[in-house]
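Chain by chain, the residues:
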Amino acid sequence: MRRKFLTLLLAIPAVMLFSCSSEKKDAAASANKPDSLKYKGATLNILCWEGYADEKFTKAFADKYGVTVKGTYFGSSDELVSKLQGGGGSSYDIISPSCDVASYIVDAGLVQPIDPTKISEFNNLSELLRNMTDVKRGNDVFGMPFTWGPDYLVYNADEIKEEPKSWNLFFDPKYKGKISVWDDISNIYLMGQILGLDKTDKAALYNMNDEQLKQVKEKLMKLKPQIRKFWATAGELDNLFKNKEVVAAVGWPITPATLNKQGMNLKATIPQEGATGWIDRLMITKNSPNKELAMLYLDFISKPENMAKVAEVTTYSIAHQGAKQFMSPELQELTYINNMTYYHERLNFWQYVKERKKYNELWNEVKSGVQ
Amino acid sequence: MRRIFTTGSAALVLAFIYLPLLTIIWYSFSAESVNSFPIKAYSLEWYKVMANDESLLRAVGNSLRVAFFSTVIALFIGVPATFALHKFDFIGKKLLERIVLMPITLPGIVTGVAMLSFFPKIGVELSLVAVGIGHITFLLAIVVTQLLSRFKRLDPNLEQAAYDLGATPLTTFFTVIIPNIRTAIIGAALLCLVLSMDEIPVTFFLIARDNTLPIEIYGMMRRGITPEVNAISTLIFLATIVILILSLRFSRKTND
Amino acid sequence: MTTAYSNRAKAFLLLPMVVWLIAFLLLPYVFIFAQSLMKSDAFGNVVVEFTAESYIKIFTSKLYYATLLKTLMMSCLVAVSCVIISLPLCYFIAFKVQSESRKTMLYTLIVLPFWVSYIVRAYSWKIILGQFGILNGFLLTTGLITEPLEIILYSDFATIICLVYILTPFVAIPMYTALEQIPKSLVEAAKDLGAGSLTTFFRIIIPLGLPGIISGATFALVLTMGDFLAPILLGGPNTLFISNIVQNLFGTSNDKPLGSAVGIVILALIVLVLEVSTYFEKKYSSFKSS
């Protein structure tokens, strides 16, 4: 009896170890097979914003190559950077950084150049985005244009009947405890915008001096009693709206897109002070174990029919105007695909904040309630 | 009157402990997508959703794997060492006993960030392997505390008898001592499995892309797919009770 | 008999664990201590350069020391609440229940939730305290309130109640063990001498049960100090524990030296709490634990 027990204890890990290693052998043996079978069994790991690894578009890719596409979502740019720097090393193949940390990620050597010639639609992607220099170093291109969009004022139109004209709605005593903002330093940009700091220089929001930061902090402290909860993920914000915990919030287009499908009546607007926005690129990590497969994915996702699906899931603006033939008129309108410069005129796109640590500390101070 | 007061307050406390758990079980049968009161319709919808949730099932698999390997390795390392702690005196024994207990006496978050900082430096990438190493480290504390008291109750004559029959110390350890405390080992193993399946603070920092079950549930709660969580939680609760009953049985046998 | 074991055999038994603990426990701790004395650059990389900057910051910048104090106070509140909640139940089981089997059953009922997943227990309070949760729903249907209470979920209050809930078994287990050891004859003697129930409770039972109460309260205190999930899941805009700051410094702000330093300060504080508590436990223990 006891011998049986001991053998069992020893045998099980041995079997499991063996089965693990045989899996690897399969992957190695398949290296010489034709393209469609070459990657069979591999897993492509995407570290991205919510909605960027949705089955609605990844499944076709997964089926075509017999691979698994797995998305891991991050909740803020800082989280992305610390995940990449924190020793996750080769855990991820593709990332979707926004324009606030894109150039930093390139400079920190966390990603590798991509080969635009392997992306068949590359030259049909928005020229404006392709020409941005923050992810280029010499002849090397590090990012493929993907999506962009605003940090909207999202509100529940059943509760707030009239379209809000100004962000000052957040400070209205009527909505005390009914507001939610993102748990992120972008609130500092937003307060700066409300204070009008970016009237003459858009970059001012990302380079505030101590005096301006002090003003922003005061403003944020005034906002705090109005806040129900800081949301950390888009899904959490969805839940806050769904459970009627909040009526207005800073949010991305994906929130009304998701909830209106479930019968809610959310609307989104850019108030008179303007709004901040983001431009997301897809990049391949330095230590990606599946570099070729990652390039194939970039090629796949940039095809108009797939871009259209990205738009459908997120309602973000997408980089390929040709996708519109696959989109409903409503979706075309929501994503401004016929007016691709609209957002570029209205939004103040995130930029790299040199004093990021200071911004983060200020945000922690606001959360802790320390004056 | 006084009797009613004591009984009443004891009952209230029990209600405080159990009502929230019953709530989850109750709500797991709700048909709605929001947890609202009162429940308007009942269904098994969320169990179906759960059974088809691939990433959740993967997380269960990951958790089982981590828990299994961690427990086995912690036992392999921990049982002989516990025996040595029980049997011999050596320099630094008291210190060693304190160090073993560190992961359960000190807050998990500090252990977590310490491992997060250090592991990549020695080539252990953040991954389920890192999580497993973290788990083994705190499971050692469980193995040592659980088994030390059992070793103390072990009849010393047993060991002596083995020597008298010509067994070497190591043979004695593996063929006489271990089998005699096997129920305690199984009890400790079950406790290790449950604790590893449930561990969050250390796992939170060592995880890369493959989630364990509690981290997956945490993610779901943050993303807000909540009613499904009711269904999983109910199953976790039931599984826990089964394991608890098993481990009570084993520990009772040990006491005989 | 011990000599039967050669040194090689001893090493064979002991060394794997010693090596493991050094490699995966002690070295990480030493490492963050070293890291806490370094600097981080604007990119979040650790610069190897000795400085006490982080520690100075913790003790001069209000964000850190005020949050630490607030967390400490919250932890005390949680610990005291756990004690107050556990006491009647433990007292009831130890002194009012006569049959052994019912005692075992009730004790098992206290221990059981201890085994149930932390995340599941925390989550249950989200259902109960939500805007349309059970509490609001119940109060609305009974007509006690006309508008749903908004302050209950996502607040300090929700965080505390959740922690109290989760940690009550940790407090109740040692408390019950201590109360159970008080000789029943002592309680009867007090009554024979004319002491009322309340007098007996406060003059006999509490003082004699104190070591168990202290060790239970210490558990709750220490575990709250290290908790960062309850504030995330149930806390409001004001709920930030010191552990959340550590998590932020590692997870988003990317300032590992400062994060390590805060971690080390928490560690030091907890070791202090543990030492003080052990001292008092010994001081008040009148019975040798069997």
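### Some thoughts on the overall build of chain C
Check the secondary structure of chain C and you find 12 helices and two strands. Put simply, chain C runs from its N terminus to its C terminus through helices and strands in the order α-β-β-α-α-α-α-α-α-α-α-α-α-α. Taken over the C-alpha trace, chain C has a radius of gyration of 24 Å; the compact-globule value for 290 residues is 19 Å, which it surpasses by more than 25%. Taken along its principal axes, the extent of the C-alpha atoms in chain C is 75 × 70 × 35 Å. Counting only residues that meet the buried cut, chain C has 49% of its 290 residues in that class. A fraction of 71% describes how many contacts in chain C between residues 6 or more apart in sequence connect residues 24 or more apart.

### Thoughts on the environment of S33(B)
Within the secondary structure, S33(B) sits in the loop between α1 (2–27) and α2 (45–51). C-alpha of S33(B) to C-alpha of E228(B): the two residues are 195 residues apart in sequence and 8.7 Å apart in space.

### Focus on the confidence of the model for chain C
All names here are of chain C. Confidence in the prediction for chain C averages 88 pLDDT; 97% of positions are at 70 or higher. Confidence, expressed as mean pLDDT per element, reaches its minimum in chain C at helix α6 (residues 134–141) with 84 and its maximum at helix α2 (residues 53–60) with 94. As a predicted assembly, this complex carries a pTM of 0.87 together with an ipTM value of 0.90.

### Observations concerning the pairing of strand β2 (residues 68–73) of chain A
Residues and elements named next belong to chain A. Along β2, five of the six residues are buried, which leaves the element largely enclosed by surrounding structure. In this structure, strand β1 (residues 43–48) lies alongside β2, joined through six bridges in parallel fashion. Within the sheet, the bridge partner assigned to I46 lies in β2 and is G71. Handedness of the crossover joining β1 and β2 through helix α3 (residues 55–65) is recorded here as right-handed.

### Notes on the pairing of strand β10 (residues 248–251) of chain A
Residue and element names in this part refer to chain A. Burial of β10 is two-sided: the residues A248 and V250 facing one way and the residues A249 and G251 facing the other way are all buried. Bridge count between strand β8 (residues 152–156) and β10: four bridges; the pairing is antiparallel. Paired with L153 across the two strands is V250, which belongs to β10. Bridge count between strand β9 (residues 179–180) and β10: two bridges; the pairing is parallel. Bridge assignment links I179 to a residue of β10, and that residue is A248.

### Some points on the sheet that holds strand β11 (residues 266–269) of chain A
Ordered by their spatial adjacency, four strands build an open sheet running β9-β10-β8-β11 (chain A), and the pairing between neighbours is mixed. On the outer flanks of this sheet lie β9 and β11 of chain A, each paired with one strand and no other.

### Overview of unusual backbone geometry
Among all residues except glycine, the phi angle is most often negative; among peptide bonds, the trans geometry is most common. Residues other than glycine seldom take positive phi values, yet Y336(A) does so here, at roughly 55°. With respect to the helices, strands and loops of the structure, Y336(A) is situated in the loop between α13 (329–334) and α14 (342–346). You will see that N254(C), though not glycine, has its phi angle at about 60°, which is positive. With respect to the element layout, N254(C) can be found in the loop between α11 (242–251) and α12 (256–284).

### Quick look at the interface of chain C and chain B
A common measure of how large an interface is: the accessible area buried when the components associate. With 69 residues of chain C at the interface, the matching set in chain B holds 66 residues. For the side of chain C that touches chain B, the element with the most residues is helix α1 (residues 7–36) of chain C, which contributes 18 residues. Considering only residue class, the side of chain C that touches chain B consists of 50 nonpolar, 15 polar and four charged.

### Here we look at the domain arrangement of chain A
Residues and elements named next belong to chain A. As assigned here, chain A comprises domain 1 (10–148 + 279–341) and domain 2 (150–277 + 349–368). Look at where the C-alpha atoms of domain 1 and domain 2 centre, and you get two points 28 Å apart. Taken together, the residues that form the side of domain 1 that touches domain 2 break down as seven nonpolar, seven polar and three charged.

### Focus on the nonpolar core
For soluble globular proteins, the rule of thumb is that nonpolar side chains tend to be buried together. Counting residues in hydrophobic clusters, the biggest one holds 162 residues, and the most contacted among them are V143(B), L167(C), A220(C) and V262(C). Ranked by residues supplied to this core, first place goes to helix α7 (residues 156–180) of chain C with 17 residues. When residues are assigned to domains, this core turns out to be shared by domain 1 (1–43) and domain 2 (49–255) of chain B, each giving three or more. Not counting the four nearest positions on each side in its chain, V262(C) is found in contact with I58(C), Y64(C), I242(C), I245(C), V246(C) and L249(C). L84(A), W182(A), M327(A) and V353(A) belong to the second largest nonpolar core, which has 107 residues in total.

### Points about the environment of T23(B)
For T23(B), the location among the structural elements is in helix α1. Residue T23(B) is classed as buried on the basis of its C-beta count, with 20 C-beta atoms lying within 10 Å. The spatial distance from the C-alpha of T23(B) to the C-alpha of V124(B) is 41 Å, given a sequence separation of 101 residues. With residues near it in sequence (within four places) discarded, T23(B) still touches S124(C), I127(C), I128(C) and I134(C).

### A short note on the packing of helix α4 (residues 93–105) of chain B against helix α6 (residues 128–152) of chain B
In a packed pair of helices, the relevant descriptors are the angle between the two axes and the axis-to-axis distance. Residue and element names in this part refer to chain B. The geometry of α4 relative to α6 is characterised by a closest axis approach of 8 Å and an angle of 115° between their N-to-C directions. Viewed along their axes, α4 and α6 adopt a mutual orientation that is roughly perpendicular. Viewed along their axes, α4 and α6 form a crossing whose handedness is left-handed. Where α4 abuts α6, its residues V100, L101, P103 and I104 lie against T137, F138, L140, A141 and V144. Of the residues belonging to the contact of α4 with α6, the class tally is eight nonpolar, one polar and no charged.

### Thoughts on helix α9 (residues 234–242) of chain A
All names here are of chain A. By the criterion of burial, α9 is predominantly enclosed, with eight of the nine residues buried. Taken together, the buried positions of α9 are occupied by A234, G235, E236, L237, D238, N239, L240 and F241. Of the residues flanking the end of α9, it is K244, one or two places downstream, whose phi is positive at about 60°.

### Some details on the environment of A114(B)
By the element assignment, A114(B) lies in helix α5 (residues 108–118). Owing to 29 C-beta atoms within 10 Å, A114(B) belongs among the buried residues under this scheme. Apart from the residues within four sequence positions on either side, A114(B) is in contact with P28(C), Y29(C), F31(C) and I32(C).

### Section: the confidence of the model for chain A
Of the residues in chain A, 89% reach a pLDDT of 70 or more, and the chain-wide mean stands at 87. Overall, residues 1–31 of chain A carries pLDDT values under 50, and its contacts beyond four positions in sequence, including any with other chains, amount to 13 contacts.

Cut-offs and rules
Residues numbered from 1 in each chain as written. Chains lettered and ligands numbered in written order. Predicted model: local features only at pLDDT ≥ 70, side-chain atom pairs only at ≥ 80, totals over all residues. Helix = DSSP H or I, 4+ residues; strand = E, 2+ residues; numbered from the N terminus. Rg over C-alpha atoms; globule rule 2.2 N^0.38 Å. Buried ≥ 20, exposed ≤ 12 C-beta atoms within 10 Å, placed from the backbone. Contact = placed C-beta atoms within 7 Å. pLDDT = per-residue confidence, 0-100. Pairing = 2+ DSSP bridges. Right-handed = clockwise from strand over helix to strand, strands pointing away. Nonpolar A, V, L, I, M, F, W, Y, C, P; charged D, E, K, R; others polar. Domains from an automatic or database assignment. Core = buried A, V, L, I, M, F, W, Y, C linked by C-beta atoms within 7 Å. Axes fitted to C-alpha atoms, helices over the stretch in contact; angles between N-to-C directions. Parallel < 35°, antiparallel > 145°, perpendicular 65-115°, else oblique. Left-handed = near helix turned anticlockwise from the far one by under 90°.

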